[in-house]
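# Architecture at a glance
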Protein chains: 2
Amino acid sequence: MKVNENYLKLEKNYLFIRIAEKIKEFQAQNPDKKIIRMGIGDVTQPLAPVVVEAMKKAADELAVKETFRGYEDSGAGYDFLRNAVSEYYKSFGADVPASDIRINDGAKSDCGNLVDIFDDSNIILITDPAYPVYVDSNLMNGRKIVYADSNEENGFCAMPSSDGYELDGKKVFPDIIYLCSPNNPTGAVYSKAQLAEWIAYAKAHDAVILFDAAYEAFIKDDNLPRSIYQLEGAKEVAIEMCSLSKTAGFTGVRCGYTVVPSELKTIASDGTEVSLAQLWNRREGSKFNGVSYPVQRAAEAVFTPEGQKQVRESILYYQENARVIAETLTELKIPFTGGINSPYIWFKCPFGLDSWSFFDKMLHEIAVVGTPGAGFGKNGVNWFRLTAFGDKDATREAMQRLKDWVK
Amino acid sequence: MKVNENYLKLEKNYLFIRIAEKIKEFQAQNPDKKIIRMGIGDVTQPLAPVVVEAMKKAADELAVKETFRGYEDSGAGYDFLRNAVSEYYKSFGADVPASDIRINDGAKSDCGNLVDIFDDSNIILITDPAYPVYVDSNLMNGRKIVYADSNEENGFCAMPSSDGYELDGKKVFPDIIYLCSPNNPTGAVYSKAQLAEWIAYAKAHDAVILFDAAYEAFIKDDNLPRSIYQLEGAKEVAIEMCSLSKTAGFTGVRCGYTVVPSELKTIASDGTEVSLAQLWNRREGSKFNGVSYPVQRAAEAVFTPEGQKQVRESILYYQENARVIAETLTELKIPFTGGINSPYIWFKCPFGLDSWSFFDKMLHEIAVVGTPGAGFGKNGVNWFRLTAFGDKDATREAMQRLKDWVK
């Protein structure tokens, strides 16, 4: 048999696995050092009590024949959860019907698998820096990628180029556009006007936007969009992916959702109209069997009034961490983005170092771990990502170590 | 953008969604009729008590900061569960190290996604009839499929053809071979000698076997293999997929596992040796974030001595249903396979009908639902699948209705 040789061209290790290995090696050599991890974007606050209760109640239902549930009919998610997500969207002004929503086991799966419904000849646009999954999941199918630079000059908010993008010596326009706002890794957030510009660009070039809204719950400023569907015309051009990982601490529980609006259509080569939602449902119908029932009940509890109140406490906790980090960087006069409407803080590496050298130096000298910007693309080579998802005291201590070291 | 037009060539509806629609329509027209469902292979017995307790305990851990868990480091499954699965394999004589096992959210996902690591030029062999996911997940990538006939003559156990298979007017040998034993839909089980023949064939033609062992727990006969790794040389040619769906009633809880042995290697076009496990880990590292922690704890409980005792009770319950169905068919002199070492019974449609006509007739005349064999391939057009996963009384009643009707 022949393997898919596109895989052989990928970086051998997924970014966070490489970091985990470096930490393991350092800890083995320095067993007494207390490492503070601000690298991987993983939460640390426990699940909300209502969420735990809902999961346990659902587990109990499965213990009794009368209330036992097996396969979901469609695998798209139970109505109780799809309706709850639809209502949640309404709460900040986005009209997303339950029928357009599919429940998944976390945004990463859908983000990786959505590419399956598109032809391999499509040209992909990814803002740089970006979440590595966007790049890898397209390189795995041998697709061509162009990059839109997010950098200090544009406040790490790449905007579309009316001239197109350079690819193999030619100017091209993208077919599939990845956007993430609040951005991972930079923490930058698109304004409504900026998103409107991307939507118009996608329409003009018959492109589809894959919008990653995983960090929407961290937006404090009511003028900033939490969903692309708050913008006029988005349903004709955009798929949105979201997750409970960061909103409700579900990184270990695994639940998210993807919206493929019924309005999103294109024309096949034989001239027939094709619904992207139908293709995606067909893909998932053959390759996915739905999310664990107790997990769906736990997710439902997140969207109850009590659930929203409880998860809000964790978000406030992380936002306070972000504030502390931002304050420290300001004090140290280190340029940064993010940290206000986002759990990520993206700063310029001190000492004029590149990001991997800074990673190693920071790990070895003050035992604090972050994520090298180079792992997210070429515009990150001198930048570094910290997350606000840590423990409050550990975050304060890390910032104290940083101050004593950099000052 | 261009969509993946391979999707437009697929059957519009996944088999079981089509059946669900037919049932819904009939029930709406006949609200008083009590339909007995023996179509979809879904379990009906509740979860084992130890499984429910383990899930609830894990949920409680996530409610407390000190025991909270977020992302799994690798996403391949926690060691506690991978070790438990490895021990389970040992219990019936298969040596599968924990490091070769990846935990997943049910066999369907991996079964569908595994094709990603292979080149689209590979020729696929699927025994016919077969689980539709094998066919669909390859047609989605535009792959060429050849079929090995499972039929009445060979006891529904297709064996390899030393002459190769006809494809576009030429004789070809397959690169990727799907085998399922105990078989879905026929209930037929390969002997060790038969599997050894497939392994030798795969070796001779540099092919890989994707072995679906989802129903292994139903094998009563100790001489029949429950894992392909009970056979000499299997690790160099075979990937095995298994699931807790049928073994432990996890159809709604979602957990399974896939084994890609470290011995399974091939040579890339540049002459370098490639480990399939490494490719698969790379794929999953970018597109999957692991299984819900409480689900993994629930799965771990299945493999404890008490868990095995409790899930065995459900299996015995379903095996008794299978016995009742087989006894009825024998009495009615209807030819069938399965039902002894398998939860499926595959029988020839009475009245000389094709399988969809028989489906409609049986639904309308005695309100019993099964699965038309045509949904699994051309060798199923006159055959029909019943499952033993139903309620004991309902199964007995369905068999009484069948007797009164066919006699």
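All values derive from a computational prediction rather than experimental measurement. (Residues numbered from 1 in each chain as written. Chains lettered and ligands numbered in written order. Predicted model: local features only at pLDDT ≥ 70, side-chain atom pairs only at ≥ 80, totals over all residues.)

## Some remarks on the overall build of chain A
Put simply, the rule is: Strands here are runs of E lasting at least two residues and helices are runs of H or I lasting at least four, both read from the DSSP assignment and numbered beginning at the N terminus. All radius of gyration figures rest on C-alpha atoms, and the globule criterion is 2.2 Å times the number of residues raised to 0.38. Working definition of burial: number of other C-beta atoms within 10 Å of the residue's own, with buried at 20 or more, exposed at 12 or fewer, and partly exposed in between, all C-beta atoms being placed from the backbone. Once C-beta atoms are placed from the backbone, any two residues with those atoms within 7 Å are in contact.
Helix and strand content of chain A: 11 helices and 17 strands. For chain A, whose C-alpha radius of gyration is 21 Å, the value lies close to the compact-globule estimate of 22 Å for 407 residues. Dimensions of chain A, computed from the C-alpha atoms along their principal axes, are close to 60 × 60 × 50 Å. Burial status across chain A gives 57% buried among its 407 residues. In chain A, the proportion of contacts linking residues at least 24 apart, taken out of those at least 6 apart, comes to 70%.

## Topic: the packing of helix α2 (residues 49-61) of chain A against helix α9 (residues 305-331) of chain A
Residue and element names in this part refer to chain A. Keep this limit in mind: Structural elements are reduced to axes, namely lines fitted to C-alpha atoms, with helices fitted over the stretch in contact, and the angle between N-to-C directions of any two is expressed from 0 to 180 degrees. Geometric relationships in this document are graded by angle, where less than 35 degrees denotes roughly parallel, more than 145 denotes roughly antiparallel, 65 to 115 denotes roughly perpendicular, and other angles denote oblique. Charged means Asp, Glu, Lys or Arg here, nonpolar means Ala, Val, Leu, Ile, Met, Phe, Trp, Tyr, Cys or Pro, and polar covers whatever is left, Gly included.
It is at 8 Å that the axes of α2 and α9 come closest, and there the two elements cross at 130°. Taken together, the axes of α2 and α9 are oblique relative to one another. Touching Pro 49, Val 50 and Val 51 of α2 are Glu 306, Gly 307 and Gln 310, all from α9. Of the residues that constitute the contact of α2 with α9, the class distribution is 3 nonpolar, 2 polar and 1 charged.

## Observations regarding the relation of the copies chain B and chain A
Condition: When the copies are superposed, the least-squares fit draws on C-alpha atoms of residues that have pLDDT of at least 70 in both.
With an RMSD of 0.0 Å, the fit of chain B onto chain A corresponds to turning through 180° and sliding 0.0 Å along the axis. These values place the two chain copies in the arrangement generated by a two-fold rotation axis. Using C-alpha coordinates, one finds that chain B approaches the rotation axis most closely at B:Lys56, a distance of 2.6 Å. In this assembly the copies share their binding face: 100% of the residues contributing to the interface of chain B also contribute to that of chain A.

## Here's the deal with helix α5 (residues 132-139) of chain A
The buried count for α5(A) comes to 7 of 8 residues, which makes it a mostly enclosed element. Listing the buried residues of α5(A) in full gives A:Pro132, A:Val133, A:Tyr134, A:Val135, A:Asp136, A:Ser137 and A:Asn138.

## Here we look at the interface of chain B and chain A
Taken together, the 75 residues of chain B in the interface contact 75 residues of chain A. Looking at the side of chain B that touches chain A, the elements that each hand over two or more residues are α1 (15-29), α2 (49-61), α4 (107-113), α5 (132-139), α7 (276-287) and α8 (293-302) of chain B. Grouping the constituent residues of the side of chain B that touches chain A by class yields 37 nonpolar, 19 polar and 19 charged.

## Concerning the sheet that holds strand β14 (residues 344-348) of chain A
Residues and elements named next belong to chain A. Under the convention used in this document: Paired strands, in this sense, are two strands between which DSSP finds at least two bridges.
A sheet is described by the order of its strands in space; here 4 strands give the open sequence β13-β14-β17-β16, paired in antiparallel fashion. Among the strands making up the open sheet, the edge pair consists of β13 (336-338) and β16 (371-372). Inspection of the sheet shows β16 paired to strand β17 (residues 383-387) by 2 bridges, in the antiparallel sense. Residue pairing for β17: Thr 371 is matched across the bridge by Arg 385.

## Let's talk about helix α8 (residues 293-302) of chain A
The buried fraction of α8(A) is high, at 10 of 10 residues. What α8(A) keeps buried is the set A:Tyr293, A:Pro294, A:Val295, A:Gln296, A:Arg297, A:Ala298, A:Ala299, A:Glu300, A:Ala301 and A:Val302.

## A few points about the domain arrangement of chain A
All names here are of chain A. How we decide: Where each domain begins and ends is defined by an automated method or by a domain database.
As assigned here, chain A comprises domain 1 (5-46 + 307-406) and domain 2 (53-303). The C-alpha centroid of domain 2 is placed 25 Å from the C-alpha centroid of domain 1. Each side of the interface is counted separately: domain 1 has 35 residues, and domain 2 has 37 residues. Elements supplying a minimum of two residues to the side of domain 1 that touches domain 2: α9, β13 and β14. Element by element, the count of residues in the side of domain 1 that touches domain 2 is highest for α9, at 6 residues.

## Details of the nonpolar core
As a reminder, the rule being used: Note on terminology: a nonpolar core is a set of buried residues of type Ala, Val, Leu, Ile, Met, Phe, Trp, Tyr or Cys, with members joined through C-beta atoms within 7 Å.
Counting 252 residues, the largest nonpolar core has A:Val51, A:Ile209, A:Ile345, B:Val51, B:Ile209 and B:Ile345 as the members making the most contacts within it. Not counting the four nearest positions on each side in its chain, A:Ile345 is found in contact with A:Gly187, A:Ala322, A:Ile325, A:Ala326, A:Leu329, A:Phe336, A:Gly338, A:Gly339, A:Leu386 and A:Ala388.

## Considerations on unusual backbone geometry
Backbone torsion omega between A:Asn184 and A:Pro185 reads 20°, so that peptide bond is classified as cis. Its place among the elements puts A:Pro185 in the loop between β7 (176-180) and α6 (192-204). In this structure, the amide linkage connecting B:Asp128 to the following residue, B:Pro129, adopts the cis form with an omega of 10°. One can find B:Pro129 in the loop between β3 (123-128) and α5. Phi is positive for B:Lys333, close to 55°, though the residue is something other than glycine. Turning to its location among the elements, B:Lys333 is positioned in the loop between α9 (305-331) and β13 (336-338). According to the C-beta neighbour criterion, B:Lys333 is exposed, with 8 such atoms within 10 Å.

## Brief notes about the environment of A:Tyr293
Within the secondary structure layout, A:Tyr293 lies in helix α8. Judged by C-beta crowding, with 23 C-beta atoms within 10 Å, A:Tyr293 ranks as buried. Between the C-alpha atoms of A:Tyr293 and A:Arg69, which are 224 residues apart in sequence, the distance is 7.8 Å. In contact with A:Tyr293, not counting residues within four places along its chain, are A:Ala58, A:Leu62, A:Arg69, B:Gly252 and B:Val253.

## Some thoughts on the packing of helix α3 (residues 79-91) of chain B against α8(B)
Axes are the key here: two packed helices are described by the angle between their axes and the distance separating the axes. All names here are of chain B. Here is the rule we go by: Here a crossing is called left-handed whenever its near helix is offset anticlockwise from the far helix by less than a right angle, and right-handed whenever the offset is clockwise.
Contact geometry for α3 and α8: axes closest at 9 Å, N-to-C directions at 30°. As the angle between them shows, α3 and α8 are arranged roughly parallel. Crossing geometry of α3 relative to α8 is assigned as left-handed. Here Phe 80, Leu 81 and Ala 84 of α3 lie close against α8, whose contacting residues are Gln 296, Ala 299 and Glu 300. Looking at side-chain class alone, the contact of α3 with α8 contains 4 nonpolar, 1 polar and 1 charged residues.

## Some remarks on the environment of A:Lys56
Mapped onto the secondary structure, A:Lys56 falls in helix α2. A:Lys56 sits 243 residues away from A:Ala299 along the chain, and the two C-alpha atoms are 12 Å apart. Residue contacts for A:Lys56: discarding those within four places in its chain leaves B:Lys56 and B:Ala59.

## A word on the sheet that holds strand β2 (residues 101-104) of chain A
To summarise the sheet geometry, strands pair through backbone hydrogen bonds and adopt either a parallel or an antiparallel arrangement. Residue and element names in this part refer to chain A. If you trace the 7 strands from one edge of the open sheet to the other, you get β2-β10-β9-β8-β7-β3-β4, paired in mixed fashion. The sheet is open, and its two borders are formed by β2 and β4 (144-149), each paired with just one other strand. Strand-to-strand, the axes of this sheet are offset by a mean angle of 20°, without reference to chain direction. Sheet analysis places strand β9 (residues 238-243) next to strand β10 (residues 256-259), joined by 4 bridges and oriented antiparallel. Across the sheet, the residue bridging to Ser 243 is Gly 256, located in β10.

## Details of the pairing of β14(A)
All names here are of chain A. The buried fraction of β14 amounts to 4 of the 5 residues, a majority that puts the element mostly inside the structure. One ladder, built from 3 bridges, connects β13 with β14; its direction is antiparallel. Bridge pairing links Thr 337 to Trp 346 in β14. Remark: 5 residues form the turn of the hairpin made by β13 and β14, two consecutive strands paired antiparallel; Gly 339 in that turn has positive phi of roughly 90°. Here β14 runs beside β17; their pairing, made up of 5 bridges, is antiparallel. Across the sheet, residue Tyr 344 finds its bridge partner in β17, namely Thr 387.

## Remarks on the pairing of strand β10 (residues 256-259) of chain B
It is a general feature of regular strands that their side chains alternate between the two faces of the sheet. All names here are of chain B. Taking every second residue as pointing to the same face, both faces of β10 are buried, with Gly 256 and Thr 258 on one and Tyr 257 and Val 259 on the other. For strand β2 (residues 101-104) and β10, the ladder comprises 4 bridges, and the chain directions are antiparallel. Bridging across to β10, Ile 103 finds its partner in Tyr 257.

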